[in-house]
Amino acid sequence: MGKLLRLPFLLQYQAGNLTMHELFNKPLSELGPADIDALVHRGDSEDQYTEFKEQPPGKADTWQKATSDLASEVVAFANADGGVLVLGIKEEGNQATGVEPIPDAEKVANSLHRSFTSIIDPYPVGLEVAAVPYNEIGGVIVARVPASPEAPHGVKDKQRFRVTVRRGEEAKPLDMRDIQLHTLETRRRADDAEQRLEARRAAFWELPMHDGLVPAGYRITVTPARAVYRVPELRAVSTAQPIPNGLRWRIHAEPLPPTEVYTVFHRALSRGWRPCLRGMIAAVESPTVGRAQFATFEGGTVDVVRIPAASESVVSAWPLLGDYLGAVELATMLRETAGAGRAELMIDVEFATIGSSTSEVNPAAVDLHLDVKMPGALPNPPGKVRTPLRFPRYTLVDQEDLNRVAKEFWRDLCDVAGVVDMPAITGVERLER
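Computed from a predicted model, the values in this text were never measured in an experiment. (Residues numbered from 1 in each chain as written. Predicted model: local features only at pLDDT ≥ 70, side-chain atom pairs only at ≥ 80, totals over all residues. Heavy atoms only, no water.)

Student: Is there a simple way to explain the nonpolar core in this structure?
Tutor: One broad rule of soluble globular proteins: the nonpolar side chains tend to lie buried together. Among the nonpolar cores identified, the biggest contains 81 residues, and Ile-89, Leu-321, Tyr-324, Leu-325, Leu-370 and Trp-410 are the most heavily contacted of them. Take this core: its biggest share by element is 12 residues, from helix 7 (residues 317-337). Residues within four places of Leu-321 in sequence aside, it is in contact with Ile-251, Val-261, Phe-409, Trp-410 and Ile-425. Residues Trp-63, Phe-77, Ala-78 and Val-129 belong to the second largest nonpolar core, which totals 24 residues. (Core = buried A, V, L, I, M, F, W, Y, C linked by side-chain atoms within 4.5 Å. Buried < 20%, exposed > 50% of the residue type's maximum accessible area, 1.4 Å probe, protein only. Helix = DSSP H or I, 4+ residues; strand = E, 2+ residues; numbered from the N terminus. Contact = heavy atoms within 4.5 Å.)

Student: Please explain the sheet that holds strand 1 (residues 50-53) as it appears in this structure.
Tutor: Remark on secondary structure: sheet strands pair via backbone hydrogen bonds, oriented parallel or antiparallel. With respect to topology, 4 strands assemble into an open sheet ordered 1-2-7-6, the strand pairing being mixed. Each having just a single partner strand, strand 1 and strand 6 (128-133) make up the two edges of the open sheet. Recorded for the sheet is a direction-independent mean angle of 20° between the axes of neighbouring strands. Note that strand 2 (residues 83-87) and strand 7 (residues 139-145) share 5 bridges and pair antiparallel. Looking at strand 7, one finds that Leu-85 is bridged to Ala-143. Contacting strand 2, strand 6 and strand 7, helix 4 (residues 105-119) runs over the sheet at an angle of about 170° to strand 6. (Pairing = 2+ DSSP bridges. Axes fitted to C-alpha atoms, helices over the stretch in contact; angles between N-to-C directions.)

Student: Can you help me understand helix 8 (residues 402-417) in this one?
Tutor: Think of an α-helix as turning once every 3.6 residues; residues three or four places apart then point the same way. Taking 1.5 Å per residue as the helical rise, helix 8 with its 16 residues ought to reach 22 Å, and the 22 Å between its terminal C-alpha atoms agrees with that figure. In the segment just after helix 8, Gly-418 is the residue with positive phi, at about 70°. (Expected span 1.5 Å × (residues − 1).)

Student: I keep staring at the pattern of salt bridges and nothing clicks. Help me out?
Tutor: For side chains of opposite charge, pairing can occur when their charged atoms come near one another. All told, the structure shown has 30 salt bridges when counted by the stated rule. The salt bridge partner of Arg-200 is Asp-303, with a shortest N-O separation of 3.5 Å. Of the two residues, Arg-200 is situated in helix 5 (residues 176-205) and Asp-303 in strand 18 (residues 302-307); the sequence distance between them amounts to 103 residues. Asp-303 carries the same exposure label as Arg-200, and that label is buried. In this structure, the salt-bridge partner of Glu-408 is Arg-404, at a minimum N-O distance of 3.4 Å. (Salt bridge = Lys/Arg side-chain N within 4 Å of Asp/Glu carboxyl O.)

Student: I keep staring at the packing of aromatic side chains and nothing clicks. Help me out?
Tutor: The description of two aromatic rings rests on the distance between their centres and on the angle between their planes. As enumerated under the stated definition, the model contains 9 aromatic pairs in all. With a centroid separation of 5.8 Å and an interplanar angle of 80°, the aromatic rings of Tyr-394 and Phe-409 are classed as edge-to-face. Pair noted here: Tyr-394 is in strand 24 (residues 394-396) and Phe-409 is in helix 8, with a separation of 15 residues, a long-range link. Relative accessible area serves as the criterion here: at 0%, Phe-409 is assigned to the buried category. Against the face of Trp-249 rests Arg-430, its NZ or CZ located 5.2 Å from the ring centre. (Phe/Tyr/Trp six-rings, centres within 6.5 Å; stacked < 30°, edge-to-face > 60°. Lys NZ or Arg CZ within 6 Å of the ring centre and 35° of its normal.)

Student: Explain the sheet that holds strand 25 (residues 427-431) here, please?
Tutor: The strand order across the open sheet built from 3 strands is 14-13-25, with neighbouring strands paired in antiparallel fashion. Of all the strands in the sheet, just strand 14 (259-262) and strand 25 have a single pairing partner and so form its edges. Each adjacent strand pair in this sheet contributes to an overall mean axis angle of 30°, direction not counted. The pairing of strand 13 (residues 248-252) with strand 25 spans 5 bridges and is classified as antiparallel. Across the sheet, residue Ile-251 finds its bridge partner in strand 25, namely Val-428. Sheet contacts for helix 7: strand 13, strand 14 and strand 25; angle to strand 14, the most-contacted strand, approximately 65°.

Student: So what exactly am I meant to see when it comes to the pairing of strand 21 (residues 367-371) here?
Tutor: One ladder, built from 3 bridges, connects strand 19 (residues 314-316) with strand 21; its direction is parallel. Within strand 21, the residue paired with Val-315 across the bridge is Leu-370. With 4 bridges connecting them, strand 21 and strand 22 (residues 383-386) associate as antiparallel partners. The partner of Leu-368 across the bridge, within strand 22, is Val-385.

Student: What is the right way to read the packing of helix 7 against helix 8 from this model?
Tutor: For any two helices packed against each other, the geometry comes down to the angle between their axes and how far apart the axes lie. In the contact formed by helix 7 and helix 8, the axes pass within 11 Å of each other and the chain directions differ by 150°. Accordingly, the angle class assigned to the pair helix 7 and helix 8 is roughly antiparallel. Helix 8 is crossed by helix 7, and the crossing has right-handed handedness. Here helix 7 contributes Ala-317, Trp-318, Leu-320, Leu-321, Tyr-324, Leu-325 and Val-328 to the contact with helix 8, which in turn contributes Leu-402, Val-405, Ala-406, Phe-409, Trp-410 and Leu-413. Taken together, the residues that form the contact of helix 7 with helix 8 break down as 13 nonpolar, no polar and no charged. (Parallel < 35°, antiparallel > 145°, perpendicular 65-115°, else oblique. Left-handed = near helix turned anticlockwise from the far one by under 90°. Nonpolar A, V, L, I, M, F, W, Y, C, P; charged D, E, K, R; others polar.)

Student: Is there a simple way to think about the packing of helix 3 (residues 67-79) against helix 4 in this case?
Tutor: For the pair helix 3 and helix 4, the least separation of the axes is 10 Å and the interaxial angle reads 70°. As summarised for this structure, helix 3 and helix 4 are arranged roughly perpendicular, according to the angle between their axes. Counted together, Thr-67, Ser-68, Leu-70, Ala-71 and Val-74 of helix 3 and Leu-112, Ser-115, Phe-116 and Ile-119 of helix 4 form the full contact between these two elements. Per-class residue counts for the contact of helix 3 with helix 4 are 6 nonpolar, 3 polar and no charged.

Given below as structure tokens:
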């Protein structure tokens, strides 16, 4: 996916990095021998988000007998920023050097997964454990762990309760004082995410109001929910590559025919970039287009703003959905560029009145008209939306979640517009430009 959108702020992925990102984002059922071979041939290394095991750790002679130690690795990722544990990979100096296929890998993976559910407390939501077929001898096992908002997690081991956290290339044990500090750090990171969202909200509200624009619009912000990472060299790549037709998706809503949606913010990208505080911003404004603005920041936040032209006065749900999907996709790509694995992303959407800090008249609310319709569906008049309106918070860990958050957002758009009997979205398909 990273190769499709050569935007100025996205680094060109090296082939090696791309496969590691597929271990994080590709559905486990689609991983195969080629993905494992690519990992080994390049000599990918263990790091904050990746752990290899050639043999059962400790004194265990089977993987099942090493459940407790493996659970500690899983817990360490969940208590940090997420990661991937790969069993059956030979390593030397923390670098992958070969494959040691595990016989009956699927049976072993299922056994480990069942054990994890009973000894990890609380159980990390979103944990995936699956076997990847490799050859006639066996396969490798991949445990994919999301960063958990419920951290700290621990492992129940006989009379002990062990808590570990990923630090660099190792799972480090935590004592009670460390656990208390870790809990406070988790809360602080959540507070930081809220502060980032409030900062983008304030910036949106304070945009100057210009003639020819509706005095209200929408904002879509995607930001790391808990992880802290930095997108390297965000400002270094300054040559913009316009996307004339935007980023596009095909939306499926049975029994209706598929419909294509596209971004609006690509119009801003075509006008070039300027630096802002620890980020880059692009904007375009005209009496016919209205205002389209796109900003991205070193901490992985993506911010999209759209203010309709007065001649429009209607917000179409399809470009809005396109901007929503585009913001999510680009935030995911920034996360991958930063090497942040499966760090959870938070999506914040609102309709609001703008220019409140500079206008002599400070309206408490403005009516926007939201046009929600599908080709082939019964026509509905545009619904009236009273600002300010903030949508429920959406969260996403990997690309597999994109269908879910698209369905949730579409359902909420229909509710806000007062539209009934509108078919639900059943699938989202990314289109190449």
